[in-house]
Amino acid sequence: NNNYHKSLISLLLLAAMLAGTISCGGTADTPEENPQTDESESVQTETTSELDARKAIDDELPDEDFEGAVFTILTYDQCKTDVYSEEANGEVINDAVFERNQTVSERFNTEIEVNSLATNSEVTNFINTTVMAGDEAFQLVSNHVVQLGSIIMQDLLMNWYDIPYIDFSKPWWSPSTTEDLTYGDDKAILAVGDLALSSLAATYCYFYDKSDAETYKLDDLYQVVWEGNWTIDYIMNLTKDIYNDLNGNGERDSADYYGMTHQMKSALNAYLWSCGGKVMQKNSEGIPELVYKSERTNTIVEKLYQLCYESEGVCTQRDFDQSMVTSSADEVIHYINAISFRENLTLMTAGTLDMTINYFRDKETEYGILPYPKLDESQDEYYTMVDGYHSALAVPKSVQDLDFVGIITEALNAESYKTVFPAYYEVALKTKYTYDDESVQMLDMIVDSRVFDFGYVYDAFKGMSFIFQRLIGDNKSKDFESYYAQNSSAAIEYYNELLEYFEEME
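This one's a predicted model, so the numbers in the text were calculated from it and none came from an experiment.

Turning our attention to the overall build of the chain. If you tally the helices and strands in the chain, you get 20 helices and 14 strands. Accessible area for the chain stands at about 20,600 Å²; split by element, carbon and sulfur atoms hold 44% of it.

Shown next, in the form of structure tokens:
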């Protein structure tokens, strides 16, 4: 979608300029220090008009008055801020969410409420009890995508194609909803729209420290990406010799400096997609088929093993000890790499976009954002995936008024596209130092390359989407063939049942 691509770039440029004026933790430049030129004014006008163009896209919804009817969104606490804000408080994203809900409420005379439960599994239990009882306790659910996918075959959720006013051709729905998550051309139970802000925040990417890149005399990494040469081999060659025993104890540990620090859970799974693999792919009839086991997957496993375990410059979470962080073991597993990058103990790391906001606000040196690597230079494009904690959207079969559900859901996604996504970009780019033009373009390209795989979204923790973290991370093995032979039959059986369920849907 080229228009989407262009409008995002313009948006990001606007965000970049905003960020250049007021840096995080800094103060605004005074007019004397930063005189406006005619040229910068014209650029400002141009990007503002792109923002206006985004807002001008018509959602084509009818004028309806729902007479104060309550529209309840069911979600869980980690993703509650995607869908609900109690009041405006000056925080850019919070206020954008608040204003979006207000705009939709006033336009259609409806009350938007949220029921947020503590965990994503409580959400699926709640769906089960209420829908089975025929109780319309909520109109829309926004929940952890894999967890939500786990209840698909219980027949509790509607087909999106049966809901009026939902238009997947609009830019506020991920194109992947139709390209990857639709069975045939008219069956989809989970959808990814811009109301699910976490589907942006949880996107996988790489971060690198720009001042360290200069110290080690690296090539311009943005240029490497644009030329199509950003591959696993390139990263291996770049990082393999970068190691510094900072504490001089003769041992590799969490106090030393590395070329790359890598967590060994979800961040490993992301390479399947970035390297051009998939769990399932549609055939010519539009039916998803299992394509996971391939020569390509085998090659990806071998290269990843080499990257993680056969390079002095790469540190995995095994090299860390619990004492480095004071919080939970979960943080050691999932975010130790972010902490070490923030503390300038590593040249680069792989992670999700929300790390810019959650971890790198206080990083003292400038950093850049890059995509996940390709398998090799012959691969056409860069791809990325979104961590499983992100929300997908679904409608319960207990709803009565489909027009109401369709109109409000479409309106909320449209408003998110127009106001909330731009706000998120602005904040992510205002975070210290990321606001150079190249990072802007990189971010845009990364978000544009998100893949939502049918086999992952409906994995239910029973499929094949998590093999990399189990095989390479937990088992420290690269023997893909024997792992697959031992562990694939239950997964294949599960996927067959899933496809049968979709086939038999009316």
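Alright, that's what it looks like, and here's the rest.
This paragraph deals with the pairing of strand β13 (residues 391-394). Side chains on a regular strand alternate between the two faces of the sheet. A two-sided burial pattern is seen for β13, the buried positions comprising Ser391 and Leu393 on one face and Ala392 and Ala394 on the other. Pairing of strand β3 (residues 140-144) with β13 involves four bridges; the strand directions are antiparallel. Bridge pairing in β13 places Ser142 opposite Leu393.

Here we come to the sheet that holds β3. An order of β2-β1-β3-β13 is seen for the four strands of this open sheet, with the pairing classed as mixed. The two strands at the open ends of the sheet, each matched to only one other strand, are β2 (110-117) and β13. The mean inter-strand angle of the sheet, taken between neighbouring strand axes irrespective of direction, is 20°. Two elements, strand β1 (residues 69-76) and β3, share three bridges in a ladder whose sense is parallel. Counterpart to Ile73 in the pairing with β3 is Leu140.

Here we come to the confidence of the model for the chain. Model confidence for the chain is summarised by a mean pLDDT of 86, while 84% of its residues fall at 70 or above. Considering only residues more than four positions removed or in separate chains, one finds that residues 1-46, a stretch of pLDDT under 50, has 60 contacts.

The subject of this paragraph is the environment of Ala88. With respect to the element layout, Ala88 can be found in the loop between α3 (80-83) and α4 (92-108). When its relative accessible area of 44% is taken as the criterion, Ala88 is described as partly exposed. For Ala88 and Glu99, which are 11 residues apart along the polypeptide, the C-alpha to C-alpha distance reads 7.9 Å. Setting aside residues no more than four positions away along its own chain, Ala88 makes contact with Asn94, Asp95 and Phe98.

Quick look at the packing of helix α12 (residues 266-274) against helix α13 (residues 295-309) now. At a minimum axis separation of 10 Å, α12 and α13 run at an interaxial angle of 140°. Taken together, the axes of α12 and α13 are oblique relative to one another. In this structure, α12 crosses over α13, and the sense of that crossing is right-handed. For the pair α12 and α13, contact is made by Leu268, Tyr271 and Leu272 and by Thr297, Ile300, Leu304, Leu307 and Cys308, respectively.

Time to look at the packing of aromatic side chains. One pass over the structure, following the stated rule, counts 36 aromatic pairs. Consider the rings of Tyr204 and Tyr372, whose centres lie 5.8 Å apart with planes at 70°: the pair is edge-to-face. One end of the pair, Tyr204, is in strand β4 (residues 204-209); the other, Tyr372, is in the loop between β11 (367-370) and β12 (384-385), and 168 residues separate them in sequence. Take Tyr204 and Tyr372: they sit in the same class, and that class is buried. Considering the side-chain rings of Trp230 and Tyr234, the 6.0 Å spacing of their centres and the 50° angle between planes classify their relative orientation as tilted. Here the aromatic residues Tyr204, Tyr206, Trp230, Tyr234, Tyr271 and Tyr372 are joined through ring pairs into a cluster of three or more. Between the NZ or CZ atom of Arg54 and the centre of the ring of Tyr417, over which it lies, the distance is 3.9 Å. One Lys or Arg, Arg252, reaches over the ring of Tyr243 and ends 5.7 Å from the middle of that ring.

A separate point is the side chain of Asn120. Relative to the elements of secondary structure, Asn120 occurs in helix α5 (residues 120-132). Not counting residues up to four positions away in its chain, the partners in contact with Asn120 are Tyr76, Asn143, His144 and Gln147.

Looking now at the environment of Gln147. In this fold, Gln147 is placed in helix α6 (residues 145-149). Residues Gln147 and Ala460, 313 residues apart in the sequence, show an inter-C-alpha distance of 6.1 Å. Residues within four places of Gln147 in sequence aside, it is in contact with Asn120, Ser121, Thr124 and Phe461.

Our next topic: the pattern of salt bridges. Under the counting rule described, the total for this entry stands at 12 salt bridges. Ionic pairing is found between Asp180 and Lys278, a salt bridge with its closest N-O pair at 2.9 Å. Residue Asp180 is located in the loop between α7 (176-179) and α8 (198-201), and its partner Lys278 is located in the loop between α12 and β7 (280-282); the two are separated by 98 residues in the primary sequence. The pair formed by Asp180 and Lys278 is uniform in burial state, with each residue classed as buried.

As a further point, take the nonpolar core. Among the nonpolar cores identified, the biggest contains 122 residues, and Ile127, Leu190, Tyr206, Trp230 and Phe502 are the most heavily contacted of them. A per-element tally of this core places helix α20 (residues 480-504) first, with 10 residues. Judged by nonpolar contacts, the second largest core, of 29 residues, contains Met158, Ile163, Leu195 and Leu393.

Helical geometry note: an α-helix holds 3.6 residues per turn, so side chains three or four residues apart project in the same direction. Buried residues dominate α12, accounting for nine of its nine residues. Among the residues of α12, those classed as buried are Ser266, Ala267, Leu268, Asn269, Ala270, Tyr271, Leu272, Trp273 and Ser274. Remark: Gly276 follows α12 within two positions and exhibits a positive phi of approximately 85°.

Assignment of secondary structure puts Lys363 in the loop between α15 (355-358) and β11. Given the relative accessible area of 0%, Lys363 is considered buried. Side chain to side chain, Lys363 and Asp209 meet in a polar contact 2.7 Å long.

On to the environment of Ala202, then. Within the element layout of this structure, Ala202 appears in the loop between α8 and β4. Considered as a pair, Ala202 and Asp354 are 152 residues apart in the sequence and their alpha carbons are 6.2 Å apart. Not counting chain neighbours up to four residues away, the residues in contact with Ala202 comprise Thr352, Met385, Val386, Asp387, Tyr389 and His390.

So, on to a negative patch on the surface. Where like charges cluster on the molecular surface, the negative patch consists of Asp63, Glu64, Asp65, Glu67, Asp401 and Asp403. Its location among the elements puts Glu64 in the loop between α2 (38-56) and β1.

Scoring rules and cut-offs
- Residues numbered from 1 in each chain as written.
- Predicted model: local features only at pLDDT ≥ 70, side-chain atom pairs only at ≥ 80, totals over all residues.
- Heavy atoms only, no water.
- Helix = DSSP H or I, 4+ residues; strand = E, 2+ residues; numbered from the N terminus.
- Areas by Shrake-Rupley, 256 points an atom, 1.4 Å probe, with all protein chains shown as cover.
- Buried < 20%, exposed > 50% of the residue type's maximum accessible area, 1.4 Å probe, protein only.
- Pairing = 2+ DSSP bridges.
- Axes fitted to C-alpha atoms, helices over the stretch in contact; angles between N-to-C directions.
- pLDDT = per-residue confidence, 0-100.
- Contact = heavy atoms within 4.5 Å.
- Parallel < 35°, antiparallel > 145°, perpendicular 65-115°, else oblique.
- Left-handed = near helix turned anticlockwise from the far one by under 90°.
- Phe/Tyr/Trp six-rings, centres within 6.5 Å; stacked < 30°, edge-to-face > 60°.
- Lys NZ or Arg CZ within 6 Å of the ring centre and 35° of its normal.
- Salt bridge = Lys/Arg side-chain N within 4 Å of Asp/Glu carboxyl O.
- Core = buried A, V, L, I, M, F, W, Y, C linked by side-chain atoms within 4.5 Å.
- Polar contact = N/O pair within 3.5 Å; in protein donor to acceptor, adjacent residues only side chain to side chain.
- Patch = residues over 30% accessible without salt bridge, like charges linked within 9 Å, V, L, I, M, F, W, Y side chains within 5 Å.
- Lys, Arg positive; Asp, Glu negative; His and termini not counted.
- Charge placed at Lys NZ, Arg CZ, Asp CG, Glu CD.

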